[in-house]
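Reading the structure
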Amino acid sequence: MNIGAVEILLIAVLWVIPAMLVFFGLYWTIRLAIRHEMRRASPPHQRER
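About the thresholds
Residues numbered from 1 in each chain as written. Predicted model: local features only at pLDDT ≥ 70, side-chain atom pairs only at ≥ 80, totals over all residues. Heavy atoms only, no water. Helix = DSSP H or I, 4+ residues; strand = E, 2+ residues; numbered from the N terminus. Buried < 20%, exposed > 50% of the residue type's maximum accessible area, 1.4 Å probe, protein only. Areas by Shrake-Rupley, 256 points an atom, 1.4 Å probe, with all protein chains shown as cover. Expected span 1.5 Å × (residues − 1). Bend = angle between axes of the 7 residues up to and from the residue. Salt bridge = Lys/Arg side-chain N within 4 Å of Asp/Glu carboxyl O. Polar contact = N/O pair within 3.5 Å; in protein donor to acceptor, adjacent residues only side chain to side chain. Phe/Tyr/Trp six-rings, centres within 6.5 Å; stacked < 30°, edge-to-face > 60°.

**Details of the overall build of the protein chain**
For the protein chain, the helix and strand inventory stands at one helix and zero strands. Buried residues in the protein chain amount to 2% of all 49 residues. When the accessible surface of the protein chain is totalled, it reaches about 5,000 Å², and 71% of it is carbon and sulfur.

And the structure:
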């Protein structure tokens, strides 16, 4: 089975790039949610920073 450059590019476009976008989207969503909860849970005098 010989895979050419076109097939590798097609696999990258159809699978790898969307998978990376989903991963980073979930990562940033979770990170922002954790940050928001930490700010919400902190006392008011620490929020000014």
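**Topic: helix α1 (residues 5–41)**
An ideal rise of 1.5 Å per residue puts 54 Å on 37 residues; α1 measures up with 52 Å between its terminal C-alpha atoms. Maximum bend of α1: about 40 degrees, positioned at A12.

**Here's the deal with the pattern of salt bridges**
The full count for this structure, using the stated rule, is one salt bridge. Notably, a salt bridge pairs R40 with E37, separated by 3.1 Å at the nearest N-O pair. Residue R40 and its partner E37 are both found in helix α1; the two are separated by three residues, about one turn of the helix.

**Description of the environment of E37**
Residue E37 is classed as partly exposed on the basis of its relative accessible area, which comes to 39%. A polar contact of 3.1 Å, which involves the side chain of E37, links it to the side chain of R40.

**A word on the packing of aromatic side chains**
Two aromatic rings, taken as a pair, are described by how far apart their centres are and by the angle between their planes. One pass over the full model with this rule turns up two aromatic pairs. The interplanar angle of 75 degrees and the centroid separation of 5.3 Å between the aromatic rings of F23 and F24 together place this pair among those described as edge-to-face. Relative accessible area serves as the criterion here: at 51%, F23 is assigned to the exposed category. Ring centres of Y27 and W28 lie 5.6 Å apart, and the angle between their planes is 80 degrees; this geometry places the pair in the edge-to-face category. With relative accessibility at 40%, the residue Y27 sits in the partly exposed group. On the basis of relative accessibility, which here comes to 43%, the residue W28 falls in the partly exposed class.

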